[in-house]
Amino acid sequence: MVFATSCDLDLLDSPNEVTAATADPSWVLNNIQLNYAGLFEGISSTGAQLTRIVSQPNVNYQNAYNATALNGVWTQSYATILSDIQFIENELNTPERPIPRHVAIAKVFKALVLMHLVDHLGDVPYSKALNSSDFAPTVDSAADVYKVALDELVAARAAFNIATAALPTDLYYNNNVVRWQRLVNTLELKYYLHTKLA
C-alpha cells in the first residue's frame, strides 16, 4: 500500500527575497552607507593613481587603465547603492511608515554617487538606469545628472527638517542633523563651482 500527500506551496514567492514588508529601513540604509565607503575608496584610488598622488600600477597610462578599470565602481553605484536608495524612496517610505531621516540620508548619498559618476565618467545613464526592463538605458548629459544631484540635495535638506522618532543607524554622523546639513551645503557649493567652471 502506497500513500502520497501534497501541500499547497506557492513557489513563485521566494522566502529569501527582501521585500518592503520584510526589509528594515535601517539595514537597507546601512548597506548604502557601507557600500558608499567602498565606492569612495575605489574611485579615489583610481583618481589618486592618475594624478600620481599614489603609485599607479604601470608607468604608461595607456597600459595602466582599460575599459574595465571602473567596472566595480559602475556596478556598486547602480546595482547596489542607487537601487537600494530607490527601494527606500519608493517602497519603504510610506504614509503609514514615514522615514524622513532615512530618506534624507539616502538622498545625500544619491547626490554623492551621481557627482562621482559624472566627475569620473562624464555623461552617464540616469533617467532610465534603474529600470530593470531596460538593458540598454540611454545616456544622460553630465549637466542633467549634476542637476539631479542638486535637486536631491535640496530635497534632503527639506527631509532633514522633518521631525521624526524613526531614527536610522547613522554610521557617518550619528544622526547629527547639523553635520548632515553642512555636508549638503558643501556638496551644493561643489555643484555651483563645477557648473560655473563648465
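The structure this text deals with has already been given above.
All of these numbers come straight from a predicted model, not from anything done at the bench. (Residues numbered from 1 in each chain as written. Predicted model: local features only at pLDDT ≥ 70, side-chain atom pairs only at ≥ 80, totals over all residues. Heavy atoms only, no water.)

**Here we look at helix α5 (residues 142–160)**
Then, in step 1: With 19 residues, α5 should reach 27 Å at 1.5 Å per residue; the first-to-last C-alpha distance of 27 Å fits that figure.
Then, in step 2: Residues Ala142, Val145, Tyr146, Val148, Ala149, Leu150, Glu152, Leu153, Ala156, Ala159 and Phe160 constitute the buried set of α5. (Helix = DSSP H or I, 4+ residues; strand = E, 2+ residues; numbered from the N terminus. Expected span 1.5 Å × (residues − 1). Buried < 20%, exposed > 50% of the residue type's maximum accessible area, 1.4 Å probe, protein only.)

**Focus on the nonpolar core**
Then, in step 1: In this structure, Ile88, Val108, Phe109, Phe160 and Trp180 are the most contacted members of the largest nonpolar core, which totals 49 residues.
Then, in step 2: Mapped onto this core, the elements with two or more residues apiece are α1 (25–50), α3 (71–92), α4 (100–121), α5 and α6 (177–197).
Then, in step 3: Not counting residues within four places of it along the chain, the set of residues in contact with Val108 comprises Ala156, Phe160, Trp180, Leu183, Val184 and Leu187. (Core = buried A, V, L, I, M, F, W, Y, C linked by side-chain atoms within 4.5 Å. Contact = heavy atoms within 4.5 Å.)

**Some thoughts on the packing of α3 against α4**
Then, in step 1: At a minimum axis distance of 10 Å, the contact between α3 and α4 shows a crossing angle of 155 degrees. Accordingly, the angle class assigned to the pair α3 and α4 is roughly antiparallel. Like other packed secondary-structure pairs, α3 and α4 cross with a definite hand, here left-handed. Across the interface between the two elements, Trp74, Ser77, Tyr78, Ile81, Leu82, Ile85, Ile88 and Glu89 from α3 touch Val103, Ala106, Lys107, Phe109, Lys110, Val113, Leu114, Leu117 and Leu121 from α4.
Then, in step 2: Of the residues assigned to the contact of α3 with α4, the class counts are 13 nonpolar, one polar and three charged. (Axes fitted to C-alpha atoms, helices over the stretch in contact; angles between N-to-C directions. Parallel < 35°, antiparallel > 145°, perpendicular 65-115°, else oblique. Left-handed = near helix turned anticlockwise from the far one by under 90°. Nonpolar A, V, L, I, M, F, W, Y, C, P; charged D, E, K, R; others polar.)

**Digging into the pattern of salt bridges**
Then, in step 1: Using the criterion set out here, one finds seven salt bridges in the structure.
Then, in step 2: In this structure, Asp119 and Lys190 form a salt bridge, with 2.8 Å as the shortest nitrogen-oxygen distance. With Asp119 in helix α4 and Lys190 in helix α6, the pair connects residues that are 71 residues apart, well separated along the chain.
Then, in step 3: For Asp119, a relative accessible area of 34% puts it in the partly exposed group.
Then, in step 4: The salt bridge partner of Lys147 is Asp151, with a shortest N-O separation of 2.7 Å. Residue Lys147 and its partner Asp151 are located together in helix α5, separated by four residues, close to a single helical turn.
Then, in step 5: Relative accessible area serves as the criterion here: at 37%, Lys147 is assigned to the partly exposed category.
Then, in step 6: Taking the relative accessible area as the measure of exposure, Asp151 reaches 39% and is therefore partly exposed.
Then, in step 7: Connected via shared salt-bridge partners are Glu89, Lys107, Lys110 and Glu152. (Salt bridge = Lys/Arg side-chain N within 4 Å of Asp/Glu carboxyl O.)

**Observations regarding the packing of α4 against α5**
Then, in step 1: Running from N to C, α4 and α5 cross one another at 160 degrees; their axes reach a closest spacing of 8 Å. The orientation of α4 with respect to α5, classified from their angle, is roughly antiparallel. Both α4 and α5 take part in a crossing whose hand is left-handed. Residue-level inspection shows Pro100, Arg101, Ala104, Ile105, Lys107, Val108, Lys110, Ala111, Leu114, Met115, Val118 and Asp119 of α4 in contact with α5, the latter providing Ala142, Val145, Tyr146, Val148, Ala149, Glu152, Leu153, Ala155, Ala156, Ala159 and Phe160.
Then, in step 2: Its residues assigned to classes, the contact of α4 with α5 comprises 18 nonpolar, no polar and five charged.

**Topic: unusual backbone geometry**
Then, in step 1: Positive phi outside glycine occurs at Asn174, with the angle close to 50 degrees.
Then, in step 2: Mapped onto the elements, Asn174 comes out in the loop between α5 and α6.
Then, in step 3: With a relative accessible area of 64%, Asn174 lands in the exposed category.
Then, in step 4: Despite not being glycine, Asn175 has its phi angle at roughly 60 degrees, a positive value.
Then, in step 5: Mapped onto the fold, Asn175 is located in the loop between α5 and α6.
Then, in step 6: Asn175 gets classed as buried once you look at its relative accessible area, which sits at 19%.

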